[in-house]
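# Remarks on the overall topology
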Amino acid sequence: MQRFSVPFEYPVYFGRGLLSDPGNPLLRQAICRREPERRHRFVVLIDQDVAAAHPWLPAAFERYARRHRDALELAAPPRLAPGGEACKNDPEQLFALQSWLQQCHVDRHSCVVIVGGGALLDMAGFAAATTHRGVRVVRMPTTVLAQNDSGVGVKTAINAFGAKNFLGAFAPPFAVLNDYDFIASLPRRDRIAGIAEAVKVAAIRDRAFFDWLDANAEALADGDDEAMQWMIRRCAELHLNHIGQGGDPFEFGSARPLDFGHWAAHKLEALSAYALRHGEAVAIGLALDCRYAVLAGLLREPAQRSLHRLLLRLGFSLWHPALDWRDGERRQVLAGLDEFREHLGGELTITLLQRLGQGVEVHAIDADRMNAAIDWLRDRSDDHVAA
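Within each chain, residue numbers correspond to sequence positions counted from 1 in written order. Only residues with pLDDT of at least 70 get local features here, since the model is predicted, and only at 80 or more are side-chain atom pairs given and counted; chain-wide, interface and lining totals rely on the full set of residues. Only heavy atoms go into the side-chain values, all of them from the structure, while hydrogens and water stay out.

### Considering the layout of surface pockets
The following threshold applies: Both site types are read off a 1 Å grid over the protein atoms alone. A 1.4 Å probe that fits but cannot get out defines a cavity, while an open set with protein on both sides within 12 Å along at least five of seven lines defines a pocket; lining residues have an atom within 4 Å of a point. Grid points are joined across faces, edges and corners, and a volume is the space filled by probe spheres set on the points. Note on conventions: DSSP H or I runs of at least 4 residues are helices, E runs of at least 2 residues are strands, and numbering of each starts at the N terminus. The residue classification treats Ala, Val, Leu, Ile, Met, Phe, Trp, Tyr, Cys and Pro as nonpolar and Asp, Glu, Lys and Arg as charged. All others, Gly included, are polar.
Estimates place the volume of the second largest pocket at around 600 Å³. What lines the second largest pocket is a set of 25 residues, and nearest its centre among them are Phe8, Gly134, Val135, Ala171 and Pro172. Elements with a contribution of two residues or more to the lining of the second largest pocket: α6 (118–129), β6 (136–141) and β8 (163–170). A class-by-class count of the residues in the lining of the second largest pocket yields 14 nonpolar, 4 polar and 7 charged.

Written as structure tokens, this is what we have:
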């Protein structure tokens with residue numbers, strides 16, 4: 001019986017002006033942390049929408065490399081690439097990136113710095129994971145969702161054959177650099193969307209954090225700097241704690257507590273042709289599963305109303321017409337349960353709320369009860385205050 005273990009570790013940095021100030025040491029520290037005595041080659045991939053919002057960014061990487069040329073070598077000019085869910089739906093994007101990495105002679109001790117939202121981090125991370133069986137990646141997430149959740153995790157993937165994240169690999173990053181300056185410049189819709197993941201992890205893991213979100217909902221909806229920075233950091237901490245201490249970082253089992261609300265969210269994203277942001281779909285999924293938990297006798301109604309009201313105060317809509325689309329008599333969204341079970345690779349395991357701050361796993365969902373929960377959301381879709 002062959003047996004060995006491989007330890008994984010990576011730092012997650014939080015700061016501001018990581019590139020606008022070429023003297024900031026964090027990028028150098030992230031790339032050189034294991035072998036500070038040698039010069040490291042790196043390449044940079046930037047989401048083209050991020051570059052459009054920050055046109056100085058490609059030149060800033062070149063300036064940073066010149067400032068730290070004793071330790072860093074930029075192997076090619078920074079490359080721009082499409083971001084958003086579309087980049088995960090087009091395999092040509094993946095092949096083009098892998099080809100570029102080969103042309104740049106990226107090796108297993110080189111670093112790929114990825115600057116963008118969660119979709120680009122997923123796609124480019126998968127490209128890096130499948131180049132030379134895995135090259136080092138430094139992530140620079142630029143959205144709330146990526147900084148507080150996906151960007152600090154260990155997954156990479158692209159969508160394929162009509163299924164979300166069907167092709168992918170578990171590939172922990174070499175380091176993560178969260179620069180709040182990217183968040184401060186986001187459009188309001190994108191800034192709010194990522195807060196759904198904070199509500200999710202607070203609801204199943206940390207009642208005190210949930211209460212803090214409730215007390216600061218208006219400040220978060222308005223983009224208050226201090227509130228947003230604290231929310232992002234605490235949410236990232238909770239996700240990192242689960243990955244590092246939950247006992248199943250590469251998800252060999254069937255339980256996915258951090259996917260609370262996600263079975264419906266993933267299906268709604270696809271049904272809406274990704275017009276829904278991921279966080280917007282998650283907010284609907286949270287509201288739906290909480291109402292189901294009440295109907296199933298698992299959750300007290302005041303807790304469900306607290307979560308519903310918090311999501312509304314943060315600025316989420318908790319209804320989308322796709323929830324009512326049908327194939328014959330069956331709502332199409334319910335097919336998300338079958339797809340979620342297949343993605344888990346075992347029995348169906350859905351995390352629901354037992355109380356605020358504590359989740360519970362169930363292995364069956366009653367279709368009639370879930371339809372009643374959807375009806376409940378539809379009947380309140382015009383409300384701006386929870387019933």
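### Re the nonpolar core
The condition that has to hold: To form a nonpolar core, buried Ala, Val, Leu, Ile, Met, Phe, Trp, Tyr and Cys residues must be joined to one another through side-chain atoms within 4.5 Å. Only protein chains enter the accessibility calculation, which uses a 1.4 Å probe; a residue is then buried when its area is under 20% of its type maximum, exposed when over 50%, and partly exposed in between.
Formed by 72 residues in total, the largest nonpolar core has its most connected members in Met231 and Trp263. The next biggest cluster of nonpolar side chains, apart from the first, holds 30 residues, and it includes Ala60, Ala65, Cys111 and Met140.

### Overview of the packing of helix α10 (residues 195–205) against helix α11 (residues 207–215)
So the rule is basically this: Angles here are taken between N-to-C directions and fall from 0 to 180 degrees, while the axes themselves are lines fitted to C-alpha atoms, restricted in helices to the stretch in contact. Should an angle lie under 35 degrees it is considered roughly parallel, over 145 roughly antiparallel, and from 65 to 115 roughly perpendicular; all remaining angles are considered oblique. Helix crossings fall into two classes, left-handed where the near helix is turned counterclockwise from the far one by less than a right angle and right-handed where it is turned clockwise. Should any heavy atoms of two residues lie within 4.5 Å, those residues are considered in contact.
Where α10 contacts α11, the two axes come as close as 6 Å, and the packing angle between them is 140°. Judged on the interaxial angle alone, α11 and α10 are oblique. Read as a crossing pair, α10 and α11 show a hand that is left-handed. Residues Ala198, Val199, Val201, Ala202, Ala203 and Arg205 of α10 form the contact with α11, whose own contacting residues are Arg207, Phe209, Phe210 and Leu213.

### Quick notes on the environment of Pro141
One can find Pro141 in strand β6. Residues Pro141 and Asn371, spaced 230 residues apart in sequence, show a C-alpha to C-alpha distance of 37 Å. Other than its neighbours up to four places away in sequence, Pro141 contacts Gly116, Leu121, Ala146, Gln147, Gly151, Val176, Leu177, Asn178 and Phe182.

### Quick word on the pairing of strand β7 (residues 155–160)
Where we set the bar: A pair of strands is considered paired only if DSSP assigns at least 2 bridges between the two.
Counting buried positions over the 6 residues of β7 gives 5, a clear majority of the element. Of the pairings in the sheet, the one linking β7 to β8 comprises 5 bridges and is antiparallel in character. Opposite Ala160, over in β8, you have Ala163 as the bridge partner. Joining the antiparallel neighbours β7 and β8 is a turn of 2 residues, in which Phe161 adopts a positive phi near 55°.

### Quick notes on the packing of aromatic side chains
In plain terms, the rule: Each Phe, Tyr or Trp ring, with Trp reduced to its six-membered ring, pairs with another whose centre is within 6.5 Å; inter-plane angles below 30 degrees give stacked pairs, above 60 give edge-to-face pairs, and intermediate values give tilted ones. Throughout this description, the term charge over a ring refers to an Arg CZ or Lys NZ atom that lies within 6 Å of the ring centre and within 35 degrees of the ring normal.
Applying the stated criterion to the full structure yields 6 aromatic pairs. Taken together, the ring pairs connect Phe8, Phe170 and Phe250 into an aromatic cluster. We note Arg33 situated over the ring of Phe174; from NZ or CZ to the ring centre the distance is 4.3 Å.

### Remarks on the packing of helix α15 (residues 278–295) against helix α18 (residues 367–379)
Following both chains from N to C, one finds α15 and α18 inclined at 125°, their axes separated by 9 Å at the closest point. Here α15 lies oblique to α18, going by the angle between them. As for how α15 packs across α18, the hand of that crossing is right-handed. Along its contact with α15, which presents Ile284, Ala287, Leu288, Asp289, Arg291, Tyr292 and Leu295, the element α18 presents Arg369, Met370, Ala372, Ala373, Ile374, Trp376 and Leu377. Taken together, the residues that form the contact of α15 with α18 break down as 11 nonpolar, no polar and 3 charged.

### Digging into the pattern of salt bridges
For clarity, the cut-off: By salt bridge we mean one thing: a side-chain nitrogen of Lys or Arg within 4 Å of a carboxyl oxygen of Asp or Glu.
Tallied over the entire structure, the rule returns 30 salt bridges. The shortest N-O distance in the salt bridge between Asp214 and Arg313 comes to 2.7 Å. Taken together, the positions of Asp214 in helix α11 and Arg313 in helix α16 (residues 301–314) put the pair 99 residues apart, joining distant regions of the chain. Residue class for Asp214 comes out partly exposed when judged on its relative accessible area of 29%. A salt bridge links Asp379 to Arg378, with the shortest nitrogen-to-oxygen separation between them at 3.7 Å. What makes Arg378 partly exposed here is its relative accessible area of 30%. Sharing partners across several salt bridges, the network here consists of Asp324, Arg326, Arg331, Asp375, Arg378 and Asp379.

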